[in-house]
Amino acid sequence: MLDFAARNRKEIFRDPLSIILGIALPIIFLIVFTTIEKNAPLDIFKVNNFAPGIIVFGFAFLTMFSALLIAKDKQTALLTRLLASPLKVVDYVLGYAIPMIPLAILQAVFCYLVAMTVGLSIEWIDLFINIIVLLPTAIISICFGLFLGALFTDKQIQGIGTIYIFLVSFLSGAWIDLTLLGTTFEKISYSLPFVHAIELSRDILISNYSTLSEHLWWTIGYAVLSLIIAILAFIKICKR
C-alpha cells in the first residue's frame, strides 16, 4: 500500500501546475479580500475571519485532484490490472488518499504564512493546532474525490467537482455571513461540516478552545462518513 501511495505521490507531482494553482488561488483570494477590507471594512474579510474560510475553500480543490487521478488510472486500465495485486479495498483508498494529505498541509501552511504577513497575529502553538483541526475537512474533500473518481468519468467529475467547490464556498460562510442567507440555508449550512471547521479555526486563532468539542465532532464524523463512502465505491469497482 505504501508503494502504491508513493507511486500516486509521483503522479500528483508530475503535474506541478495544478498543485501551484491549488495553493496559489486561495492565497490570491486572501490577499485581494484582505486588501478590500482595509478600504471597505467588513468583518467577514478581516484576516482572522477570512483565513480559515479560504483554507477550507482551498481544500475543496483536493476533490478534483484525487478524483481525476483515479479517473486517469481507470482510462489507462491501470486500476483494473492492480486488482490482481494483494491490495485490499482499504489499501486502494489509503494509497490514493495519503499523498493528498501533505498537499492539504501545504495549502494551510502557506495560507497562514501569507495571512501573518498581512496582519494575522497568532501564537505558533495555536497555528499548529489550527492546522490539525482543519485536516478532517481536507479528508472529507479527498475522500469525496475518491468516491467521484471511482464511479464517474473525468468529464462527469469536472461538473460534479465544480458544484462541490461552489457549495463549499457558499455554505461554509467563508465569503458571507450565513445569517444573511435566511434561516433555511443557515440550518443547512450548520448540518454540514465546513462552517463548523471554519468557526472552530477562528476561535483557535484567538486561543479560545471552549468550542472544540462543539465543532470538532462534526468534522471528524463527516470525515469518517466520507471515508466509508469512498471504501464502498471501491468495493463496487472490485465487484465490477
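Look above for the structure.
What counts and what doesn't
Residues numbered from 1 in each chain as written. Predicted model: local features only at pLDDT ≥ 70, side-chain atom pairs only at ≥ 80, totals over all residues. Heavy atoms only, no water. Helix = DSSP H or I, 4+ residues; strand = E, 2+ residues; numbered from the N terminus. Rg over C-alpha atoms; globule rule 2.2 N^0.38 Å. Buried < 20%, exposed > 50% of the residue type's maximum accessible area, 1.4 Å probe, protein only. Contact = heavy atoms within 4.5 Å. Areas by Shrake-Rupley, 256 points an atom, 1.4 Å probe, with all protein chains shown as cover. Lys, Arg positive; Asp, Glu negative; His and termini not counted. Charge placed at Lys NZ, Arg CZ, Asp CG, Glu CD. Expected span 1.5 Å × (residues − 1). Core = buried A, V, L, I, M, F, W, Y, C linked by side-chain atoms within 4.5 Å. Phe/Tyr/Trp six-rings, centres within 6.5 Å; stacked < 30°, edge-to-face > 60°.

Caption draft 1: A look at the overall build of the chain. On a plain count of helices and strands, the chain comes out with twelve helices and zero strands. Relative to the compact-globule value of 18 Å for 240 residues, the chain shows a C-alpha radius of gyration of 18 Å, a close match. When its C-alpha atoms are laid out on the principal axes, the chain stretches across 60 × 35 × 35 Å. Here the chain holds 240 residues, and the buried ones make up 48% of them. Counting contacts in the chain only where the partners sit at least 6 residues apart, residues at least 24 apart contribute 77% of the total. Summing over all exposed atoms, the chain offers an accessible surface of approximately 11,600 Å²; the carbon and sulfur share of this is 71%. A gap of 15 Å separates the mean positions of the 16 positive and 15 negative side-chain charges of the chain.

Caption draft 2: Helix 4 (residues 61-75), seen in detail. The terminal C-alpha atoms of helix 4, which comprises 15 residues, lie 21 Å apart, in line with the 21 Å expected from a rise of 1.5 Å per residue. Summarising burial for helix 4: eleven of the 15 residues are buried, a large majority. Among all positions of helix 4, only Phe61, Leu62, Thr63, Met64, Phe65, Ser66, Ala67, Leu69, Ile70, Ala71 and Asp73 are buried. Following helix 4 by one or two positions, Ala77 adopts a phi angle in the positive range, close to 70°.

Caption draft 3: How the structure looks around the nonpolar core. With 65 residues, the main nonpolar core has Tyr112 and Phe234 as its most contacted residues. The leading source of residues in this core is helix 8 (residues 124-151), at nine residues.

Caption draft 4: Quick look at the packing of aromatic side chains. Applying the stated rule across the entire model yields 16 aromatic pairs. The interplanar angle of 55° and the centroid separation of 6.2 Å between the aromatic rings of Phe29 and Phe33 together place this pair among those described as tilted. Taken together, the residues Phe29 and Phe33, both in helix 2 (residues 16-39) and four residues apart, mark about one turn of the helix. Assessed through its relative accessible area of 26%, Phe29 is described here as partly exposed. Relative to Phe194, the ring of Tyr164 has its centre 6.2 Å away and its plane inclined at 75°; by these criteria the two rings are edge-to-face. One end of the pair, Tyr164, is in helix 9 (residues 154-171); the other, Phe194, is in helix 11 (residues 193-205), and 30 residues separate them in sequence. Grouping residues by exposure puts Tyr164 and Phe194 together as buried. Following the ring pairs from residue to residue traces out a cluster consisting of Phe29, Phe33, Phe45, Phe50, Phe57 and Phe61.

Caption draft 5: Quick look at unusual backbone geometry. Of note, Ala77 is a non-glycine position whose phi angle comes to about 70°, a positive value. Relative to the assigned elements, Ala77 resides in the loop between helix 4 and helix 5 (78-82). Look at Ala77 and you get partly exposed, because its relative accessible area is 29%. In this model, Ser207 sits at a positive phi of 60°, which is unusual for a non-glycine residue. By secondary structure assignment, the location of Ser207 is in the loop between helix 11 and helix 12 (212-239).

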